[in-house]
Amino acid sequence: MTGINTKIILAARAVIFHIGCNVALLLHCCTTLLVAPLLNIKQKQYVFTRYNIFVLWWSKVVCGVHYEVEGKENIPEGPCIILSNHQSSWETFLLQTLFSPLSTVLKKELLNIPLFGWGMRLLDPIALDRAQPIQAFKQLIAQGQDRISDNRSVLIFPEGTRVSKGENVKFNRGGAALAHHSQIPIIPVAHNAGLCVPSNSFILTPGKITVKIGKPIYSERKTKKELYEASTHWIEFNRDELMA
């Protein structure tokens, strides 16, 4: 009975959490869409990510999901390529609050989601068609360099999709290629968000998420292969250590 009661309580908390997020998103997007034409890109990100701050706080209050960030001192002043493992939507919310101004690489289908997608469009993301990998790669390099020239960082999840605990997916090379072409550093990020916010579950599990931000991997005098191997090894090693 104890186990059943616990599941019921967690499910009830999850319902409250998701209802609160949807109501907040409706209110926030209505306000953001009204003021967006008056703001520059950095101001838009600040305003839009107030919703992210709410989601992080709401998940702690309702579902008991806490977090800590290690290595904030490794975030550079200028633009960089952020490469992170991907286990849930939770890390997307957090990373958009840590790096600014930022352009996120995402599936173009996400921009069609009512309210959320409309708000994401305001941040000028790099929306790729995963069904056309060659075109998507060219788009990533071209638009990525455009964002960087505009002094914005680029957030990429090299696994390409949310990955469950214990599942391994080959990292794509787009982030390393963009870093090589633009000659700016890669900031590797690893986390264990999947322990509390599983990709295939409606329920959030109470606990603490740890996010590790690694030291910059500089692009100068490194090949694309060296950048790929260095960033992939760091992320996979630290991810597995955090998930153990």
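Every chain is numbered independently, its residues counted from 1 as its sequence is written. Where local features are concerned, this predicted model is filtered to residues with pLDDT of at least 70; where side-chain atom pairs are given and counted, the filter is 80 or more; whole-chain, interface and lining totals use all residues. Processing note: side-chain calculations cover all non-hydrogen atoms of the structure and skip hydrogens and water entirely.

Chemist: Would you take a moment to explain the layout of surface pockets for this structure?
Modeler: Here the largest pocket is characterised by a volume of approximately 1200 Å³. Around the largest pocket sit 43 residues that line it, and His-86, Ser-89, Thr-92, Leu-110 and Arg-162 are the ones nearest its centre. The helix and strand labels rest on DSSP assignments: H or I over at least four residues marks a helix, E over at least two residues marks a strand, and numbering proceeds from the N terminus. Of all elements in the fold, only α1 (2–35), α2 (41–63), α3 (90–98), β3 (102–107), α4 (116–121) and α5 (133–149) reach the threshold of two or more residues within the lining of the largest pocket. Looking at the lining of the largest pocket, the element that brings in the most residues is α1, giving five residues. For this classification, the nonpolar set comprises Ala, Val, Leu, Ile, Met, Phe, Trp, Tyr, Cys and Pro, the charged set comprises Asp, Glu, Lys and Arg, and every other residue, Gly included, is treated as polar. Here the lining of the largest pocket is composed, by residue class, of 25 nonpolar, 14 polar and four charged. A cavity here means a set of 1 Å grid points, computed over protein atoms only, where a 1.4 Å probe fits but cannot escape. A pocket is an open set with protein on both sides within 12 Å along at least 5 of 7 lines, and lining residues have an atom within 4 Å of a point. Grid points are joined across faces, edges and corners, and a volume is the space filled by probe spheres set on the points.

Chemist: What am I meant to see in the side chain of Ser-153 here?
Modeler: Locating Ser-153 in the fold gives a position in strand β5 (residues 153–156). Only protein chains enter the accessibility calculation, which uses a 1.4 Å probe; a residue is then buried when its area is under 20% of its type maximum, exposed when over 50%, and partly exposed in between. Assessed through its relative accessible area of 6%, Ser-153 is described here as buried. Whenever two N or O atoms come within 3.5 Å, that pair is a polar contact, provided that in protein one can donate a hydrogen and the other can accept it, and provided that, for residues adjacent in sequence, both atoms are side-chain atoms. Here the side chain of Ser-153 touches Cys-80 through a polar contact of 3.0 Å, landing on its backbone nitrogen. Not counting residues up to four positions away in its chain, the partners in contact with Ser-153 are Gly-78, Pro-79, Cys-80, Ile-82, Pro-101, Leu-102 and Ser-103. We call two residues contacting when some pair of their heavy atoms lies within 4.5 Å.

Chemist: Help me understand unusual backbone geometry in this model?
Modeler: Negative phi values dominate among residues other than glycine, just as trans dominates among peptide bonds. Of the consecutive residues Ser-100 and Pro-101, the connecting peptide bond is found in the cis state with omega at -5°. Of note, Pro-101 is situated in the loop between α3 and β3. Positive phi values are uncommon outside glycine, yet Gln-183 reaches one of about 60°. By the secondary structure assignment, Gln-183 is in the loop between α6 (174–182) and β6 (186–191). Phi at Arg-221 takes a positive value of approximately 60°, unusual for a residue other than glycine.

Chemist: Sorry if this is basic, but what is going on with the sheet that holds β3 here?
Modeler: Strands in a sheet are paired, the pairing made by backbone hydrogen bonds, and the direction either parallel or antiparallel. If you trace the seven strands from one edge of the open sheet to the other, you get β1-β7-β6-β2-β5-β3-β4, paired in mixed fashion. Two strands bound the open sheet, and with one partner strand each, they are β1 (65–70) and β4 (126–128). Sheet twist, expressed as the mean angle between neighbouring strand axes with direction ignored, is 20°. Along the sheet, α2 contacts β1 and β3; its crossing angle with β1, the most-contacted strand, is approximately 125°. With axes taken as lines fitted to C-alpha atoms, and helix axes fitted only over the stretch in contact, angles between N-to-C directions fall between 0 and 180 degrees. Taken strand by strand, α3 contacts β1, β2 (81–84), β3, β5, β6 and β7 (207–213), and its axis lies near 45° from that of β1. Pairing between two strands requires that DSSP report at least two bridges joining them.

Chemist: Which parts of the structure should I look at to understand empty space enclosed by the protein?
Modeler: Sizing a probe to match a water molecule and rolling it over the atoms shows the empty space that remains. Applying the stated rule across the entire model yields one cavity of 30 Å³ or more. Approximately 30 Å³ is the volume attributed to the largest cavity. Every residue lining the largest cavity is listed: Leu-83, Pro-158, Phe-171, Asn-172, Gly-175, Ala-176, Tyr-228, Ser-231 and Thr-232. The set of elements that each furnish at least two residues to the lining of the largest cavity consists of α6 and α7 (224–243). Within the lining of the largest cavity, the residues separate by chemical class into five nonpolar, four polar and no charged.

Chemist: Just to check I follow, could you spell out the environment of Lys-215 for this structure?
Modeler: Within the secondary structure layout, Lys-215 lies in the loop between β7 and α7. Taking C-alpha positions, Lys-215 is 9.9 Å from Trp-234, a pair spaced 19 residues apart along the chain. With sequence-adjacent residues up to four places away left out, Lys-215 is seen in contact with Asn-74, Ile-186 and Pro-188.

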